[in-house]
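Chain by chain, the residues:
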Amino acid sequence: MEFTNFISYFFIAIVVVASSGIFLTKNVLYAALLLVFSMLGLAGIYVLLNAEFVAVTQIMIYVGGVLVLVVFAIMLAHNYSGKPLVVENNNLKLGLFTVVLFVGVVGYSISGVHYAVQKEQDGANSVEAIGVQLISRNLLSFELIAVFLLVSLVGAIYFASKIRKT
Amino acid sequence: MELKNLLENQIVLLKDFLPVGVMALGLVVLLMSELTALKTRYPNAFAWIFIVFFSVGPLFVEPLSVLEAKGSFNILLSLSALVFGLQNWSLTDKSRQNSEYYALVGSIFIGAYVLLNTSHFLVAIIGLELMSIPAYLLTCWNTKKSSYEAGLKYFIYGGFSTAVLLYGVSWWYGATGFLELGSIEVLVVALNQSSTPFVLMTAGCIVIGLAYKIAAFPMHFWSPDAYQEAPTPVVGLFAVVPKIAGFVFLEKLTLVLMGTTHWQSVQKIYLLLAVLSLLLGNLAALKQNKAKRMMAYSSIAHTGFMLFPLLHASESNLSYFHFYLVLYAFMNMALFLFLDYYERKFDVSSLVDFKGLGSKSVFMGVLLLILLISLTGLPPTGGFIAKLLIFTGMYEGLVQSGDLIFLFILILAGINTVIALFYYLKIPYFMFMKKEAVVKKINPKSFLVVNFLGFILVFLITVSFFMPTWLMGIINNVNFVQ
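Each chain carries its own residue numbering, running from 1 in the direction its sequence is written. Naming scheme: in the order in which they are written, chains are lettered from A and ligands are numbered from 1. This being a predicted model, a pLDDT of at least 70 is required before a residue's local features are given, and a value of 80 or more before pairs of side-chain atoms are given or counted; all residues contribute to the totals for chains, interfaces and linings. The basis for the side-chain values is all heavy atoms of the structure; hydrogens and waters are excluded.

1. As for the overall build of chain A
Using the following cut-off: Strands here mean DSSP runs of E at least two residues long; helices mean DSSP runs of H or I at least four residues long; both are numbered from the N terminus. Taken over C-alpha atoms, the radius of gyration is set against a globule rule of 2.2 Å times the number of residues to the power 0.38. Accessibility here uses a 1.4 Å probe with only protein chains present; expressed as a share of the type maximum, an area under 20% marks a residue as buried, one over 50% as exposed, and anything in between as partly exposed. Only heavy atoms enter the contact rule, under which two residues are in contact if any of them lie within 4.5 Å.
Within chain A, the secondary structure is distributed over six helices and zero strands. Counting from the amino terminus, helix and strand elements in chain A follow one another as α-α-α-α-α-α. Relative to its length of 166 residues, chain A is extended, with a C-alpha radius of gyration of 21 Å against a globular reference of 15 Å. Projected onto its principal axes, the C-alpha coordinates of chain A cover approximately 55 × 45 × 30 Å. Within chain A, the proportion of its 166 residues that are buried is 23%. Considering only residue pairs separated by 6 or more positions, chain A has 61% of its internal contacts joining residues 24 or more positions apart.

2. Thoughts on the overall build of chain B
Rules: Each accessible area value is a Shrake-Rupley result obtained with a 1.4 Å probe; residue values ignore everything except the protein chains displayed when judging cover.
Scanning chain B for helices and strands turns up 21 helices and zero strands. The buried share among the 482 residues of chain B stands at 62%. In chain B, once contacts between residues fewer than 6 apart in sequence are set aside, the share between residues at least 24 apart is 80%. Roughly 17,500 Å² of accessible area belongs to chain B as shown, and the carbon and sulfur atoms make up 70% of that amount.

3. Examining empty space enclosed by the protein
Residue and element names in this part refer to chain B. Cut-off, in case you're wondering: Space inside and on the surface of the protein is sampled on a 1 Å grid over the protein atoms alone, with a cavity defined as a set of points where a 1.4 Å probe fits but cannot get out and a pocket as an open set with protein on both sides within 12 Å along at least 5 of 7 lines; lining residues have an atom within 4 Å of a point. Grid points are joined across faces, edges and corners, and a volume is the space filled by probe spheres set on the points. Residues are grouped as follows: nonpolar covers Ala, Val, Leu, Ile, Met, Phe, Trp, Tyr, Cys and Pro; charged covers Asp, Glu, Lys and Arg; every other residue, Gly included, is treated as polar.
Following the criterion strictly, the structure yields seven cavities of 30 Å³ or more and no others. Its volume calculated, the largest cavity comes out at about 80 Å³. Taken together, Ser80, Val83, Phe84, Gln87, Pro233, Gly236, Leu237, Met333 and Phe336 make up the lining of the largest cavity. Going through the elements one at a time, helix 4 (74-89), helix 11 (232-259) and helix 14 (315-346) are the ones with two or more residues in the lining of the largest cavity. Computed from the structure, the second largest cavity encloses a volume of approximately 60 Å³. Sorting the residues of the lining of the second largest cavity by element identifies helix 12 (263-286), helix 13 (291-311) and helix 18 (404-424) as the ones contributing at least two each. Ranked by the residues each element gives to the lining of the second largest cavity, the list is headed by helix 18, at five residues. Here the lining of the second largest cavity is built from residues that sort into seven nonpolar, four polar and one charged.

4. Remarks on the packing of aromatic side chains
All names here are of chain B. Stated precisely, the cut-off is as follows: Pairs were defined over the aromatic rings of Phe, Tyr and Trp, the Trp ring being its six-membered one, requiring ring centres within 6.5 Å. Orientation was assigned from the angle between planes: stacked under 30 degrees, edge-to-face over 60, tilted for the rest.
Summed over all chains, the structure comprises 41 aromatic pairs over all chains. An angle of 75° between the planes, with centres 6.5 Å apart, marks the rings of Phe84 and Tyr102 as edge-to-face. Of this pair, Phe84 sits in helix 4 while Tyr102 sits in helix 5 (residues 99-117), and the two are 18 residues apart along the sequence. Each member of the pair Phe84 and Tyr102 is classed as buried.

5. Focus on the side chain of Gln288 of chain B
The cut-off we apply is this: The definition of a polar contact used here is a pair of N or O atoms within 3.5 Å, where within protein one atom must be able to donate a hydrogen and the other to accept one, and adjacent residues in sequence count solely through side-chain atom pairs.
Structurally, the position occupied by Gln288 of chain B is in the loop between helix 12 and helix 13. From its side chain, Gln288 of chain B meets the backbone oxygen of Ala284 of chain B in a polar contact 2.9 Å long.

6. A look at helix 7 (residues 145-176) of chain B
Worth spelling out the cut-off: Expected helix span is given by 1.5 Å per residue-to-residue step, counting one fewer step than there are residues.
Across its 32 residues, helix 7 of chain B extends 46 Å between first and last C-alpha, which sits within 8% of the 46 Å expected from 1.5 Å per residue. Gly177 of chain B occupies a position one or two residues after helix 7 of chain B and carries a positive phi of about 80°.

7. Topic: the interface of chain B and chain A
Applied cut-off: Once two parts are brought into contact, the accessible area they lose, counted with a 1.4 Å probe and summed over both, makes up the buried area.
Contact with chain B, which involves 44 residues of that partner, is made by 31 residues of chain A. Here chain B and chain A share an interface that buries about 3,400 Å² over both sides, 78% of which is from carbon and sulfur atoms. Three residues stand out in chain B for area buried against chain A, namely Phe17, Ile126 and Trp171 of chain B, and they jointly supply 14% of the buried area on that side. On the surface where chain B and chain A come into contact, there are three residue pairs in polar contact (both at pLDDT 80 or more). At the level of secondary structure, the elements contributing two or more residues to the side of chain B that touches chain A comprise helix 1 (3-33), helix 5, helix 6 (121-139), helix 7 and helix 9 (196-213) of chain B. At nine residues, the largest contribution of residues to the side of chain B that touches chain A is made by helix 1 of chain B. Taken together, the residues of the side of chain B that touches chain A sort by class into 29 nonpolar, eleven polar and four charged.

8. Some words on the side chain of Thr162 of chain B
Residue and element names in this part refer to chain B. Inspection of the secondary structure puts Thr162 in helix 7. Judged by its relative accessible area of 13%, Thr162 is buried. For Thr162, the side chain forms a polar contact with the main-chain oxygen of Gly158, separated by 2.8 Å.

9. With respect to the environment of Lys144 of chain B
All names here are of chain B. In this structure, Lys144 sits in the loop between helix 6 and helix 7. Residue classification places Lys144 among the partly exposed residues on the basis of a relative accessible area of 43%. The spatial distance from the C-alpha of Lys144 to the C-alpha of Pro197 is 45 Å, given a sequence separation of 53 residues.

10. Some points on the environment of Thr36 of chain B
Within the secondary structure layout, Thr36 of chain B lies in the loop between helix 1 and helix 2 (38-41). Within the structure, the side chain of Thr36 of chain B is placed 2.8 Å from the backbone oxygen of Ser33 of chain B, a separation counted as a polar contact.

11. Here we look at the nonpolar core
Residue and element names in this part refer to chain B. Heads up, the rule is: Only buried residues count toward a nonpolar core, which is a set of Ala, Val, Leu, Ile, Met, Phe, Trp, Tyr and Cys residues joined through side-chain atoms within 4.5 Å.
Ranked by internal contacts, the top residues of the largest apolar core, which has 187 residues, are Tyr270 and Phe354. Among the elements that take part in this core, helix 14 stands out by supplying 22 residues, more than any other. If near-sequence neighbours (up to four positions away) are discounted, Phe354 is found in contact with Ala291, Leu339, Tyr342, Val348, Leu368, Ile427, Phe430 and Met431.

12. What to know about the pattern of salt bridges
Residue and element names in this part refer to chain B. To be explicit about the condition: When a carboxyl oxygen of Asp or Glu lies within 4 Å of a side-chain nitrogen of Lys or Arg, that pair is called a salt bridge.
Summed over all chains, the structure comprises four salt bridges over all chains. The salt bridge partner of Glu229 is Lys144, with a shortest N-O separation of 3.8 Å. Taken together, the residues span a long stretch of sequence, with Glu229 in helix 10 (residues 222-229) and Lys144 in the loop between helix 6 and helix 7 at a distance of 85 residues. We classify Glu229 as buried; its relative accessible area is 13%. In this structure, Asp225 engages Lys153 in a salt bridge whose closest nitrogen and oxygen atoms are separated by 2.6 Å. Pair noted here: Asp225 is in helix 10 and Lys153 is in helix 7, with a separation of 72 residues, a long-range link. Relative accessible area serves as the criterion here: at 34%, Lys153 is assigned to the partly exposed category. Residues participating in the shared-partner salt-bridge network are Lys153, Asp225 and Arg293.

13. Describing the confidence of the model for chain B
Residues and elements named next belong to chain B. The criterion, for reference: Every residue carries a pLDDT, the predictor's confidence in it, which falls somewhere between 0 and 100.
Of all residues in chain B, 88% have pLDDT values of 70 or greater, and the mean over the chain is 83. Residue range residues 63-70 is modelled with pLDDT below 50. Its contacts to residues more than four positions away, or to other chains, number 33 contacts. Our summary of model confidence lists the complex with pTM equal to 0.89 and ipTM equal to 0.86.

14. What to know about the packing of helix 18 of chain B against helix 19 (residues 426-433) of chain B
Residues and elements named next belong to chain B. Selection rule: A fitted line through C-alpha atoms represents every axis, and for helices the fit uses only the stretch in contact; the resulting angles, taken between N-to-C directions, go from 0 to 180 degrees.
Close contact between helix 18 and helix 19 brings their axes to 5 Å; oriented N to C, the two are set at 35°. In contact with Phe422, Tyr423 and Tyr424 of helix 18, helix 19 contributes Lys426, Ile427 and Pro428. Here the contact of helix 18 with helix 19 is composed, by residue class, of five nonpolar, no polar and one charged.

15. Quick word on unusual backbone geometry
Residue and element names in this part refer to chain B. The peptide bond linking Pro379 to Pro380 adopts the cis configuration, its omega dihedral lying at 0°. Counting through the fold element by element, Pro380 comes out in the loop between helix 16 (362-376) and helix 17 (382-401). One non-glycine residue with positive phi stands out, namely Thr143, at about 45°. With respect to the element layout, Thr143 can be found in the loop between helix 6 and helix 7. Assessed through its relative accessible area of 30%, Thr143 is described here as partly exposed.

Set out below in structure tokens:
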């Protein structure tokens, strides 16, 4: 138990450091790479919470798919302009104030929580159980997400073709 | 799990698919018929396909398992699809004859159906997203720079509020262990064990996430821009469909929160949202000079009004709430029908453009006048009865709970009704009192269907003044929420 706690703090530290790095760096490429670390740290936390499926999808979709795309886009933009993409950090004081306020309010509120949900036991939400759920009880939600993706795709293609025409 | 059990489950679940399936089929038919020569032969074919699938789809109401379709706002959804289809059917605009246009709007209807009939948070979030993404795209539909800007604004607010909603929902799940809102007693017991600040934060996150869909105060910034830039029939949808769906879900949430011991504090969130939406909506509407923008603020003010009954959600108050919701839907459907008519026929966009149009089309002018009186909440229209019922509900709240909040609301709502009079009656003032300065272009095409639809809706609104019990009877007969 002690060891698991230690590892989970390790992962949390990775997430916190990487996420604050995203805000502190001005180079967008560095920010994207730090986001990879943040996502990997989150995946580690999911594994420790016995949510292997979420951890694997996190790595596959975010790290493997979305972030690779982001990095590609940044590198292409970099080649195009010849300069590294740089952003400015505006409203630093206001931002810090908001963060402190947010952490204070949320921290104070969640200190009073009474959890009804216990940590899942090993294998309780294995991939198999999720698969069965997806095609039985949550079939409708699953199909609705399919409709959602279809509609997003149709909209994206419509606007892409329209912009090319004009 | 055994295969037999699974299959039995499937058969039960198939009923869930009927309404959504009909609408999804409509989506496919719309997209497929783009490939055929249908469009060149019958320019309005898509509107007809839309009407057939989307006004019939929501009517297949069955007691469902994941979706709890006991609510009957579905009829309103179907009516709204009918109005939208007919409104577009009578248009000749090329950009509205694409199947994509109808497919995106169809997705808004699927999302609204899902949100209306579910009490499961995750399904509700899918519904919200099904409504949001097409809404962003439809806001940009005119492909002008300003409409992209409005769409982007809408998108950023939408993403932010969904994140806030999901954060609240995850804490809700942690504290209660349920994502369904069905079993109220269990949820109340679970929530009572947590501290008040915690419930306040969780409920606050969820309510603010929903406030974006109903365009209430802290999340209203997208709405004036989106209303201004989106095609007018679509704006009519923005004002009606997501708002009703969001409010019905909010009502289910309120019924749970109401039972907890934290309700006294959680009530303050509702109060803050309602009062600020009402004040901001009405005061900002006074200064507008574009018709659609003004109506966006008016719809924010109406949101504030509709939040009041949820503060004291007794049985009678909830039926007043439903009455207002139904009338609000009628009024806004009709309103944007008229605005679209004037926009196409006389090229009207700002309030000054209405100058002297009263004598050009007397019939439509008078109908619009009745409608605007109803939106203000004056007799002899249904809007008056709706507002009166809200006031009655607040008075009941004052008597039953002795809470002075309700007295404050009564006074504030009264003052705001007077403020609303000033900006609503600006349009009839320009139409009837001012002489026309320059004759702008007049589109010769007749809009018979729109005229007829507008007449029917205004007629319904007027009838509900003389026979409110009739509409109330219908509303009370169908069980709206569980």
